[in-house]
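Inside the fold
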Amino acid sequence: MTDSVEAGRPSAGRHTVALFASELHLVFGRARTWVLLAVLAAVPIMVGVAIRLSGSSGDDAQGFLGQVAGNGLFLVVASLALSLPFFLPTAVTVISGESLAGEASLGTLRNLMTAPAGRSRLLAAKMVALAVFCLAATMTIWLSGLIAGVVLFPVGDVVLLTGTTVSLGDGLLRAFGIAILIAASLLGLAGIGLFVSSLTSTPLAAMAATFGAFIVFGILGAIPQIDVIHPWLLMYGWTSFADLLRDPPYWDSIVRNLLLQAAYLAVFYAAAWARITSRDING
Amino acid sequence: MTLTPGTPGPTGATGALGATGTLGATGTLGATGTLGATGTPPVVTRGLTKRFRSGQVAVDSVDLEVPAGSIFGFLGPNGSGKTTTIRMLLGLIAPTSGEVELLGQPMPKAQLAVLPRVGALVEGPAFYPFWTGQANLLRFDAADRTADPRTRKARAGEALERVGLSNAAGKKVRNYSLGMKQRLAIAVALMQQRDLLVLDEPTNGLDPQGTREVRLLIRELAKDGTTIFTSTHLLAEVEQLCTHAAVMSRGKLVRQSTMAELRSELRPRLVVRTPDLQQAEQTLTGLGVADLKVTEETVDGDPGELPIDKLAAALVAADVRIHGFGLERPSLEDAFVALTGEGFDVAE
């Protein structure tokens, strides 16, 4: 039955985007998020200043770090690589652990449910906001690394891992691509965090459990006796981003990593969905 | 049945409301009932049951029916299952068995269609403390996809004004008092025109002035045709506000009726204040006064249809010294205690 009140209302489904925008506002409207991003932005600056002050050409340093003094652009890549094992996963763990458990602990989850946000839609909005955060995190490092690199070091044409020299613009674009690839590499972990967050009303517990899972993956990856399962571990393909610095880029491991992340994301997103759509909202 | 926009409510559908209108304690309700536009009771439950994983039965086959246009008081001691029932009404938790219909549609199946027309306040205010009151309102409104973003800010302003929070709109909720948070929670429910408001303890934490304001607000909303379903343990509030009431006790619905009916059942008791307790008791027993109770200074009982002047004369004739004599109407609280068999202790 319809009454005059409802007739004056816009039809359902018209303003679906509003919740997604609101979700971004929730993530990026918090001081905590900006502290995390500030820490990430500090990584290239710290690394750059340290290399600059040491005064050594860094020829004896390994990998990307050794090339920073010669070409500031490598500060971007080196910083992304340095943040990947710890800083970035920590940031993703904090934000994803908070996502649903934070709402449950504040009690705002019931307000959203009765609004009604729709459980599936709320979960989708949470995941989209998480993905945007992952991208914002790596882009922060990219931008901060670029600025610090240009200020502290000479910048010029880029010598790739394959020995080919490409223009600065090409190098920048590849570094940008690396930032995107690393953001995508974090999505599996974000999915795990979202799922764990759907299980509890205590955000801190969700963060701890998610980080715990991350550490377990790390430990499993360090045990050579079980190397049969290594290719299926969350972080197995995380270093594949370096293949973008070959000419031509070596896509196989990059694509494999993206597929693995997609699989982790799909499994844990589905689990989170099953949980949130059946959960009694008592908080 | 679907109405073309702009057509006034069909008289056929509202005709059924006459019945509910007459049940209302106040005459005005009959008129407001017609604004409810449909004769369907906005809240219906059938055999609603919730058994928690611990095995505890929080709600036990509850059959509620809230008439359109009513102000429905949902009473019960703490722990009697009120909030659990409300959570099931709104689709927050799934019933173990039984059904819920809100505004004529099954819950939780039709929740996306129904809930935009329902304003809800469940178990105390819950907000993002690091955001302002206004930002909180905007977020919950954004979660409702039927809410128009163009009017969002204006509607938030109106809702804040209605609950008297205009001056605190830009303050972070962290700095709100409990009473202010409660008002903000009511403002969330008022962000849109609603057909039904489900308010769980709406005056909790409010000062007497705030309580009065909320009461006025509820009356005003009811006058506009909104059905109000409000849980409370403040009986004074129910007496002043509600047209209907239901009483929960240990998960069961023990009573559901109009306030007028509930009041009429509260039979007056004869109370005799006297030093001659024993003699008075004997005399009254002899005259047929039932359910006699003797306290330190009084004897009281149910006089039934006996004329009380005759009773007085009989007592005097029996040489009972009378210090006080009269009929006392029990309060709603007495009725409440009689129904729930307990005071306000937490139910087991």
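In this report, we go over the structure that sits alongside the text.

Turning our eyes to something else, we now look at unusual backbone geometry. Leaving glycine out, the prevailing phi sign among residues is negative, and the prevailing peptide bond configuration is trans. The omega torsion of the bond from Ala115(A) to Pro116(A) falls at 0 degrees, within 30 degrees of zero and hence cis. Examined against the element boundaries, Pro116(A) turns out to sit in the loop between helix H7 (108-114) and helix H8 (119-152). Put simply, Asp247(A) and Pro248(A) share a cis peptide bond, and its omega is -5 degrees. With respect to the secondary-structure elements, Pro248(A) resides in the loop between helix H11 (203-222) and helix H12 (251-278). Backbone geometry places Glu201(B), a non-glycine residue, at a positive phi of 50 degrees.

Once that is clear, we can look at a nonpolar patch on the surface. Nonpolar side chains collect at one region of the surface, where Val35(A), Val39(A), Phe86(A) and Phe87(A) lie side by side and expose about 340 Å² of accessible area between them. Within the element layout of this structure, Val39(A) appears in helix H3 (residues 31-54).

Residues and elements named next belong to chain A. Direction vectors running N to C along helix H6 (residues 87-106) and H8 enclose 160 degrees, while the axes themselves pass 10 Å from each other. The orientation of H6 with respect to H8, classified from their angle, is roughly antiparallel. Two packed elements cross with a definite hand, and for H6 against H8 that hand is right-handed. Residues Leu-88, Ala-91, Val-92, Ile-95, Ser-96, Ser-99, Leu-100 and Glu-103 of H6 form the contact with H8, whose participating residues are Leu-122, Leu-123, Lys-126, Leu-130, Phe-133, Cys-134, Ala-137, Thr-138 and Ile-141. Partitioning the contact of H6 with H8 into residue classes produces 12 nonpolar, 3 polar and 2 charged.

It is worth spelling out empty space enclosed by the protein at this point. Inspection of every chain in the model, using the stated rule, returns 9 cavities of 30 Å³ or more. Considered as a void within the structure, the largest cavity measures approximately 210 Å³ in volume. Around the largest cavity, the lining is made up of 17 residues, and of these Leu26(A), Val27(A), Arg30(A), Glu98(A) and Ser99(A) lie nearest the centre. Considering each element in turn, the lining of the largest cavity owes the most residues, 6 residues, to H6(A). Taken together, the residues of the lining of the largest cavity break down into 8 nonpolar, 3 polar and 6 charged. Estimates place the volume of the second largest cavity at around 110 Å³. Thr114(A), Ala115(A), Phe140(B), Val188(B) and Arg194(B) are, among the 14 residues lining the second largest cavity, the residues nearest its centre. If you list the elements that add at least two residues to the lining of the second largest cavity, you get H7 of chain A together with strand S7 (118-121), helix H6 (133-142) and helix H8 (178-189) of chain B. The element contributing the most residues to the lining of the second largest cavity is S7(B), with 3 residues. The residue makeup of the lining of the second largest cavity, split by class, is 7 nonpolar, 4 polar and 3 charged.

Residue and element names in this part refer to chain B. Judged from the 2 bridges that link them, strand S1 (residues 43-51) and strand S3 (residues 65-66) form a sheet pairing that is antiparallel. For Val-43, the partnering residue across the bridge sits in S3 and is Val-66. Sheet analysis places S1 next to strand S5 (residues 97-102), joined by 5 bridges and oriented antiparallel. Its bridge partner lying in S5, Thr-49 is registered against Ser-97. Relative to strand S2 (residues 57-62), S1 runs antiparallel, the two being bridged by 3 bridges. Bridge pairing links Arg-51 to Val-57 in S2.

The rules we used
- Residues numbered from 1 in each chain as written.
- Chains lettered and ligands numbered in written order.
- Predicted model: local features only at pLDDT ≥ 70, side-chain atom pairs only at ≥ 80, totals over all residues.
- Heavy atoms only, no water.
- Helix = DSSP H or I, 4+ residues; strand = E, 2+ residues; numbered from the N terminus.
- Patch = residues over 30% accessible without salt bridge, like charges linked within 9 Å, V, L, I, M, F, W, Y side chains within 5 Å.
- Areas by Shrake-Rupley, 256 points an atom, 1.4 Å probe, with all protein chains shown as cover.
- Salt bridge = Lys/Arg side-chain N within 4 Å of Asp/Glu carboxyl O.
- Axes fitted to C-alpha atoms, helices over the stretch in contact; angles between N-to-C directions.
- Parallel < 35°, antiparallel > 145°, perpendicular 65-115°, else oblique.
- Left-handed = near helix turned anticlockwise from the far one by under 90°.
- Contact = heavy atoms within 4.5 Å.
- Nonpolar A, V, L, I, M, F, W, Y, C, P; charged D, E, K, R; others polar.
- 1 Å grid on protein atoms, 1.4 Å probe; cavity = no way out; pocket = protein on both sides within 12 Å on 5 of 7 lines; lining within 4 Å.
- Points joined across faces, edges and corners; volume = space filled by probe spheres on them.
- Pairing = 2+ DSSP bridges.

Shape descriptors only; they carry no functional weight alone.
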